[in-house]
Amino acid sequence: MSKIPVYFMPGLAASPTIFEMIDLPEDTFEVHLLHWFLPEINEKLTSYAKRMAEKVVHENAVLIGVSFGGVLVQEMKPFLTTRKIIIISSVRCNAELPRRMKIIKTTKAYKLLPTGLLQDVELLTEYAFGDTLKKKLKLYEKYLHMRNKEYLDWAIEQMICWERKTIDSEVIHIHGDADEVFPAKNIKDFINVKGGTHAMILSKYRWFNTNLAKLILE
């Protein structure tokens, strides 16, 4: 029996190393990691999704996306024959975005975000005050892979201005009730991970190692 191909898409700017603690049985699943690449000038999310879909070389693959990666795998779906789409710490339509993001969209304040600072995360770490902030910046340094300003500007705009209005009921949504980026109060019909924050793919990896394979095989 052939293995089930599973493609993992990390969150905004993140490296696939965020999945390093996720353990799917090797006798059943074949894991593939997708990487962000630079968008073309003024590229639409649909076009980017089509190009990313070309990197999925298996029929009936499972796509798993985190945060903005969850948005992207939903946009990839029309270009592929998939077995299952699973999103984590994400949203299934723009109505589920938090109020602050909707305000940012209306005012276009996202164009003013200092995304260039993320390119100097090592410098930020060096001058950070307090152990907690230092630890957080060390995580960013480890997992934040795509720090290119053009990519960051593009990705933030695509996330905030996502146009999808209708929820795809086939998409499985795993979400934490303590998610600080996409509050659970705005989310409908999701599998709740108790105490899960936006970074629960790292902090709640044991939950995923217990449940993810079963969700794929259902």
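Residues numbered from 1 in each chain as written. Predicted model: local features only at pLDDT ≥ 70, side-chain atom pairs only at ≥ 80, totals over all residues. Heavy atoms only, no water.

Trainee: Explain the overall build of the chain to me, please; I cannot follow it from the model alone.
Mentor: Of the regular secondary structure elements, the chain holds 8 helices and 6 strands. When the 218 residues of the chain are sorted by exposure, 48% land in the buried category. Pairs at least 24 residues apart make up 65% of the contacts formed inside the chain by residues separated by at least 6 positions. Approximately 11800 Å² of the chain is accessible, and the part contributed by carbon and sulfur atoms is 54%. (Helix = DSSP H or I, 4+ residues; strand = E, 2+ residues; numbered from the N terminus. Buried < 20%, exposed > 50% of the residue type's maximum accessible area, 1.4 Å probe, protein only. Contact = heavy atoms within 4.5 Å. Areas by Shrake-Rupley, 256 points an atom, 1.4 Å probe, with all protein chains shown as cover.)

Trainee: I keep staring at the sheet that holds strand β2 (residues 29-33) and nothing clicks. Help me out?
Mentor: Strand pairing in a sheet relies on backbone hydrogen bonds. The paired strands run either parallel or antiparallel. On the basis of which strands lie adjacent, the open sheet formed by 6 strands has the order β2-β1-β3-β4-β5-β6 and parallel pairing. With one partner strand each, in any of the chains shown, β2 and β6 (191-193) form the two edges of the open sheet. Averaged over neighbouring strand pairs, the angle between their axes works out to 20 degrees when direction is ignored. Set on the sheet, helix α8 (residues 205-217) makes contact with β1 (4-9), β2, β3 (61-66), β4 (82-88), β5 (172-176) and β6; between it and β4 the angle comes to about 150 degrees. (Pairing = 2+ DSSP bridges. Axes fitted to C-alpha atoms, helices over the stretch in contact; angles between N-to-C directions.)

Trainee: Would you mind going over the packing of helix α1 (residues 45-53) against helix α2 (residues 68-76) with me for this structure?
Mentor: Geometrically, a packed helix pair is captured by the angle between its two axes and the distance between the axes. Taken N-terminus to C-terminus, the directions of α1 and α2 make an angle of 80 degrees; their axes are 8 Å apart at the nearest point. Here α1 is positioned roughly perpendicular relative to α2, judged by the angle of their axes. Contact residues: α1 offers Leu45, Thr46, Tyr48, Ala49, Met52 and Ala53, while α2 offers Phe68, Val71, Leu72, Glu75 and Met76. Looking at side-chain class alone, the contact of α1 with α2 contains 9 nonpolar, 1 polar and 1 charged residues. (Parallel < 35°, antiparallel > 145°, perpendicular 65-115°, else oblique. Nonpolar A, V, L, I, M, F, W, Y, C, P; charged D, E, K, R; others polar.)

Trainee: Would you explain the pairing of β3 in this entry?
Mentor: Note on strand geometry: in a regular strand, side chains alternate between the two faces of the sheet. Counting buried positions along β3 yields 6 of 6 residues, so the element is predominantly enclosed. For β1 and β3, the ladder comprises 4 bridges, and the chain directions are parallel. Bridging across to β3, Met9 finds its partner in Gly65. Summarising the sheet, β3 and β4 pair through 6 bridges and their orientation is parallel. Each bridged residue has a counterpart across the sheet, and for Gly65 the counterpart in β4 is Ile87. Once you follow β3 into α2 and on to β4, the crossover reads as right-handed. (Right-handed = clockwise from strand over helix to strand, strands pointing away.)

Trainee: Explain α8 here, please?
Mentor: Residues spaced three or four apart along an α-helix face the same direction, because each turn holds 3.6 residues. A rise of 1.5 Å per residue sets the reference length of α8, with its 13 residues, at 18 Å; its end C-alpha atoms lie 19 Å apart and thus fit the reference within 8%. Asn211 marks the point of greatest bend in α8, at about 40 degrees. Taken as a whole, α8 has its buried residues at Phe208, Asn211, Leu212, Ala213, Leu215 and Ile216. (Expected span 1.5 Å × (residues − 1). Bend = angle between axes of the 7 residues up to and from the residue.)

All we've got here are geometric facts, nothing functional implied.
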